[in-house]
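Each chain is listed here by its residues.
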Amino acid sequence: MSIQFIIRKIFRALLTIWIIVTFIFIALRISGDSALLIYGPDVSAKALATLRKAWGLDKPIWQQYLIYISNIFHGDLGKSYLDGRNAIKVVAERVPKTLSLMWVTAVITLLIGIPAGIYSALHHNTKRDRITMTLAVMGLSIPNFFLGVLLILLFSVSLRLLPSAGSETWKHYIMPVITMSTAEAAVFARFTRSAMLEVLNQPYIRTAIAKGVPWKKVVLEHALPNAAISIVTMAGFFIGSLIVGGVITENVFAWPGVGRLLVNSVANRDLAVVQTIVLLISLSMVTANLIVDLAYGWLDPRVRDLRSEES
Amino acid sequence: MRSLSKLFGTFILMTALVFSIGLAAAGGKAEKTAAPAKKALTRPDLVIAVQKIPPVLEPMRENSNVHERIVYSVTEPLIFIDYKHNQKLIPGLAVSWKRLDDRTIEFKLRKGVKFQNGDEMTAEDVAFSFGPERLFNKKRGWTFAQMYLGGIEPPKVVDRYTVIIKSKQPDFLLEKRFANYMSEIISKKAFLAAKDWETWSRNVVGTGPYKIVKIKTGDYIKLASFDDYWGGKPPARTVTFKVVPEVAARIAGLKTDEYDIITDIPPDQLAGIDKTEGISTVGGPIPNIRTVQFDETNSLLKDPDLRRAMIMAINRQLIVDTLYHGRTTVPNGFQMKLFGDMYIADFKSLPYDPEKAKELIKKSGYKGETIHYRILPDYYTLEVATAQILVEMWKKVGLNVKIEMKENWSQILKNDKTRNLFNVSNTAFYNDPVGLIVRRLGPRSWMRLKNKYGGKDALYVFDKKFDKWGKILETSTDLKTRRDAARKMLNYIEYENPTQINLHALTMFYGKRDDVLWTAYPAAGMDFSPTNLSFK
């Protein structure tokens, strides 16, 4: 993999982040007035003017934008309008809670979703395949808010086994993780199944079988590695979206994460906080996809060779 | 197999990277809150599940129910409102007060009252609390209290326990102003010692029964008993306001004993809670009227007959009986019984009369044009359901009203052809028409002002006589003259120039464990002091 290729990818990633941040910057400012939203219609004209001046919103939007970009390079993402604290601090105190939940969710999702998809593909068009895929469709179809409340009623209210909301102990993780993993694992199961089926129908698999390669070896060493590219692509999107992946689940289980903060901040047009979260999301999304891109070459020698030729 | 391990390795690498970005941003480990050890000690830890918490607790800085709810336990005003006895004014941090003239009041302070930092409260603290350094904080430029206390001069300290406060103009409501939310006394020393306004706003020091332990924005606010509280030892060891945004989760937590009290219960959930053993609902109407405002400057609604028809097409009692199961009330005009002597009991608001409404519509020359009704999705309790019912009722008399969902107040107030109807709630800031009708529709209200900064233009252009009556209400001390003025104002906005539909009193319902003996007041503040909280 050439340095030139990596530099090109990083440049594209930075360009993507810049476009996202710029879009959000403009969209937030033209769709609502922060001072009015935070202080309500009762606020006086004089107060509105003072607040806008204090927050720099009295300047033309292009000037605000230049200041914002310049501040980013100085590590200053602004202050929350709601409580005056540094936006990075406000977001950062939520990130660990979200990541701790998402990390567990991601592991469970992949541990269930990928094997289920492989299992289904290997039993293509049998009862086992249909049962697995029916379960996957069910998992995908149940809305998070419904499943979450259902779990609360069952495990908290009826059985009194688990706490209904909060994030303090390991027990608090169980229901949110089940809620989020159910739908995500279903997506991975369906996706893995399709990828595996496509690979299993390739001539080289038939050749391997004809050569007398044991079935287990065919699957693990020939089929699965070739299906991996699609699965890694999906995993890239999935992991990149983890930071705000659970807005609804966070609401249902009162999980004090970034998703809830984002919704609240958008509603109040707490600009600095929204922009910080968006920056974080785009950074994680772009980074995850950058790694996926780089991983293609590592996983598939053909891609690596092609890139070498291009550069 | 090598490829499999590559696949796994890629996944691990990506997740580890995202994880490390988060940790780096967080600058350390996630903070953990200890699960409350319920009822473990002599004094219990009280946990209240709320929909939202405020980011700051400086009493003058916000104007919201979620803020008032918690501020009530931390800081206190000079005069208390006795919610259990018809909202009578009773001594608070002041043991007595007297009017020196129609714009001056003298307070004698309670001796021996301690702030939560251990200092004694004196007249210096009172003067500072209402002084320009806090009320007109220059760095910040704005405190909400300016709207209610902006008309007073800097207080004068007479001696350690006496302070005189003067209004710039005659003020009938002076005592009530100092009994209200945002009139709480804070420690001058603690305020000046705080690094800045932001730090102070999260570390307020007052005289209330509970002191701030921690504000974890968007998660919880924890208060601890202030054992030197002048009103006696607080009954709870700690009080935690825990954010649980979903009502279903709040109710489940109440049923499983995770929470002692839950707030913001929609009316359709009340019966379910009351049926469950060990828990029940409390609360009801609060001094706030939910209205639908007309934009009378909009050409479509210019004709008063059309607006009268829109009022008469609505069966408000039916809405209260069905959506609210009868647990709130239909107001008699833009006023409340809480106004006491100033309540005009024999005032008759426009009745529900669909036939008369049809006649008025015909008379107005309405030709079926679309009337736009802007709403925020359930900003107010049952807002969407209520709006849908209203639209159907209007449809029955021949009005074509279309609901438009908006995201925020900027969009609701944007002044264009489609600003016809929108929802508002109106708190009676004082138990007097001045706190409702003058505050909301008087010349200083945002509904009357053209405000280029807010992108708002006036909704109403009133006859001068309306403001003349308002002035009488604000300054006169003669009951008959004031009642007469109030009646004329009510008539004006209901019959002569209809400004709004007074739908119903807004409600505030709570669920609580039966072993928590606590009374919900008809106000946002939750009182957990020794006089209003105990445990079975």
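Residues numbered from 1 in each chain as written. Chains lettered and ligands numbered in written order. Predicted model: local features only at pLDDT ≥ 70, side-chain atom pairs only at ≥ 80, totals over all residues. Heavy atoms only, no water.

Student: So what's going on with the domain arrangement of chain B? Which residues, and what values?
Tutor: All names here are of chain B. For chain B, the assigned domains read domain 1 (44-74 + 208-278 + 514-536), domain 2 (75-186) and domain 3 (286-508). Using only C-alpha atoms to locate each centre, domain 2 and domain 3 end up separated by 33 Å. Each side of the interface is counted separately: domain 2 has 12 residues, and domain 3 has 14 residues. For the pair domain 2 and domain 3, the summed buried area comes to about 1300 Å², and 57% of that belongs to carbon and sulfur atoms. Together, Gln-87, Tyr-148 and Phe-172 form the three largest contributors to the area buried by domain 2 at its contact with domain 3, with a combined 43%. Linking domain 2 with domain 3 are zero salt bridges, by the criterion used here. At the junction of domain 2 with domain 3, the criterion picks out six residue pairs in polar contact (both at pLDDT 80 or more). Split into classes, the residues belonging to the side of domain 2 that touches domain 3 amount to six nonpolar, three polar and three charged. (Domains from an automatic or database assignment. Contact = heavy atoms within 4.5 Å. Buried area = accessible area lost by both parts, 1.4 Å probe. Salt bridge = Lys/Arg side-chain N within 4 Å of Asp/Glu carboxyl O. Polar contact = N/O pair within 3.5 Å; in protein donor to acceptor, adjacent residues only side chain to side chain. Nonpolar A, V, L, I, M, F, W, Y, C, P; charged D, E, K, R; others polar.)

Student: Which residues make up helix α14 (residues 383-396) of chain B, and what are the values?
Tutor: Spanning 14 residues, α14(B) covers 20 Å between terminal C-alpha atoms, matching the ideal 20 Å at 1.5 Å per step. At the exit of α14(B) stands B:Gly398, carrying a positive phi of roughly 100°. (Helix = DSSP H or I, 4+ residues; strand = E, 2+ residues; numbered from the N terminus. Expected span 1.5 Å × (residues − 1).)

Student: An account of the packing of aromatic side chains is requested, with residue identities and associated values reported.
Tutor: Considering all chains together, one arrives at 28 aromatic pairs over all chains under this definition. With a centroid separation of 6.0 Å and an interplanar angle of 40°, the aromatic rings of B:Phe80 and B:Trp230 are classed as tilted. Taken together, the residues span a long stretch of sequence, with B:Phe80 in strand β2 (residues 79-82) and B:Trp230 in the loop between β9 (220-225) and β10 (238-243) at a distance of 150 residues. Centre to centre, the rings of B:Tyr510 and B:Trp518 are 5.0 Å apart; their planes meet at 85°, and the pair counts as edge-to-face. In this structure B:Tyr510 comes out as buried when scored by relative accessible area, which is 1%. Site record: aromatic cluster; members linked through ring pairs are B:Tyr460, B:Phe462, B:Phe466, B:Trp469 and B:Tyr492. Note that A:Arg29 overlies the ring of A:Phe25, its terminal NZ or CZ placed 3.6 Å from the centroid. Over the ring of B:Phe172 we find B:Arg482; its NZ or CZ atom is 3.6 Å from the centre of that ring. (Phe/Tyr/Trp six-rings, centres within 6.5 Å; stacked < 30°, edge-to-face > 60°. Buried < 20%, exposed > 50% of the residue type's maximum accessible area, 1.4 Å probe, protein only. Lys NZ or Arg CZ within 6 Å of the ring centre and 35° of its normal.)

Student: Before we move on, can you summarise the confidence of the model for chain B with the specific residues and values?
Tutor: Fine structural detail should not be taken from predicted coordinates in areas where pLDDT scores are low. All names here are of chain B. Summarising the model, chain B shows a mean pLDDT of 88, and 90% of its residues fall at 70 or more. Mean pLDDT in chain B bottoms out at helix α1 (residues 2-26), which sits at 45, and peaks at strand β11 (residues 261-262), which reaches 98. Taken as a whole, residues 1-5 scores under 50 in pLDDT and shows six contacts with residues more than four places along the chain or in a different chain. Under a pLDDT of 50 for its full length, residues 7-40 has, in the predicted model, 56 contacts with residues more than four places off or in other chains. Our summary of model confidence lists the complex with pTM equal to 0.84 and ipTM equal to 0.80. (pLDDT = per-residue confidence, 0-100.)

Student: Lay out the domain arrangement of chain A in plain terms, naming residues and giving numbers.
Tutor: Residues and elements named next belong to chain A. Segmentation of chain A into domains returns domain 1 (1-93 + 269-311) and domain 2 (95-256). Between domain 1 and domain 2, the residue contacts involve 15 residues of the former and 12 residues of the latter. Summed over both sides, the interface between domain 1 and domain 2 buries roughly 1200 Å², with carbon and sulfur atoms accounting for 74% of that surface. By the criterion of area lost to domain 2, the three top residues of domain 1 are Met-285, Tyr-296 and Leu-299, representing 32% of everything that side buries. Run the count over domain 1 and domain 2 and you get zero salt bridges. The interface formed by domain 1 and domain 2 contains two residue pairs in polar contact (both at pLDDT 80 or more). Residue assignment for the side of domain 1 that touches domain 2 shows that the elements contributing at least two residues are α5 (87-92) and α14 (271-299). When residues in the side of domain 1 that touches domain 2 are grouped by element, the largest group, 10 residues, is from α14. Along the lines of polarity and charge, the residues of the side of domain 1 that touches domain 2 split into 10 nonpolar, two polar and three charged.

Student: Give a description of the nonpolar core that names residues and reports values.
Tutor: Judged by nonpolar contacts, the single largest core of 139 residues is most densely connected at B:Leu78, B:Phe107, B:Phe130, B:Phe241, B:Ile437, B:Trp518 and B:Phe528. The element best represented in this core is α14(A), accounting for eight residues. Once residues within four sequence positions are removed from consideration, B:Phe241 is found in contact with B:Ile48, B:Val50, B:Ile53, B:Arg69, B:Ile70, B:Asp219, B:Tyr220, B:Ile221, B:Leu223, B:Met526 and B:Phe528. B:Tyr373, B:Met393, B:Val401 and B:Leu421 belong to the second-largest nonpolar core, a separate cluster that totals 34 residues. (Core = buried A, V, L, I, M, F, W, Y, C linked by side-chain atoms within 4.5 Å.)

Student: Account for the side chain of A:Ser164, naming residues and giving values.
Tutor: Structurally, the position occupied by A:Ser164 is in the loop between α8 (144-158) and α9 (171-200). Within the structure, the side chain of A:Ser164 is placed 2.9 Å from the side chain of B:Glu258, a separation counted as a polar contact. With near-sequence residues (within four places) excluded, A:Ser164 lies in contact with A:Ile152, A:Ser156, A:Met175, A:Phe253, B:Ala249, B:Ala252, B:Gly253, B:Thr256, B:Glu258 and B:Tyr259.

Student: Give a description of empty space enclosed by the protein that names residues and reports values.
Tutor: All names here are of chain B. Applying the stated criterion across every chain, the model contains two cavities of 30 Å³ or more. Looking at the second largest cavity, the residues that line it are Phe-334, Gln-335, Phe-339, Met-342, Pro-433, Ile-437, Ala-486 and Leu-490. Mapped onto the lining of the second largest cavity, the elements with two or more residues apiece are α16 (433-441) and α18 (479-496). In terms of residue class, the lining of the second largest cavity is built from seven nonpolar, one polar and no charged. (1 Å grid on protein atoms, 1.4 Å probe; cavity = no way out; pocket = protein on both sides within 12 Å on 5 of 7 lines; lining within 4 Å. Points joined across faces, edges and corners; volume = space filled by probe spheres on them.)

Student: Would you mind going over the sheet that holds strand β6 (residues 156-159) of chain B in detail, with residue names and values included?
Tutor: All names here are of chain B. The strand order β4-β5-β7-β6 describes an open sheet built from four strands, whose pairing is antiparallel. Both edges of this open sheet fall to β4 (94-101) and β6, since each of them pairs with a single strand only. Averaged over all pairs of adjacent strands, the angle between their axes in this sheet comes to 25°, without regard to strand direction. Pairing analysis gives three bridges linking β6 to strand β7 (residues 162-166), with the strands arranged antiparallel. Looking at the pairing, Asp-159 lines up with Thr-162 of β7. (Pairing = 2+ DSSP bridges. Axes fitted to C-alpha atoms, helices over the stretch in contact; angles between N-to-C directions.)

Student: I'd like a rundown of the pairing of strand β3 (residues 88-91) of chain B, residues and numbers included.
Tutor: Residue and element names in this part refer to chain B. In the sheet, β2 pairs with β3 via four bridges, with the strands oriented antiparallel. Paired with Ile-81 across the strands is Leu-89, a residue of β3. Linking β2 back to β3 in an antiparallel pair, the connection comprises five residues, with Asn-86 at a positive phi of about 55°.

Student: I'd love a proper account of the sheet that holds strand β1 (residues 45-50) of chain B, names of residues and values included.
Tutor: Strand-to-strand pairing in sheets goes through backbone hydrogen bonds, with the strands running parallel or antiparallel. All names here are of chain B. Taken in spatial order, the 10 strands line up as β8-β9-β10-β1-β11-β16-β12-β15-β13-β14 in an open sheet, and their pairing is mixed. The strands lining the two open edges of the sheet, one partner per strand, are β8 (210-216) and β14 (401-405). In this fold helix α2 (residues 65-74) packs onto β1, β8, β9, β10 and β16 (500-513), with an angle of close to 20° to the strand it touches most, β9. In the packing of α14 onto the sheet, the strands contacted are β12 (279-294), β13 (371-375), β14, β15 (421-427) and β16, and the crossing angle to β13 comes to about 165°.

Student: Please give an account of the pairing of β4(B) that cites residues and values.
Tutor: Residues in a regular strand project their side chains so that they alternate between the two faces of the sheet. Residues and elements named next belong to chain B. In this structure, β4 lies alongside strand β5 (residues 104-109), joined through six bridges in antiparallel fashion. When the sheet's bridge partners are listed, Asp-101 is paired in β5 with Thr-104. Two successive antiparallel strands, β4 and β5, enclose a turn made up of two residues.

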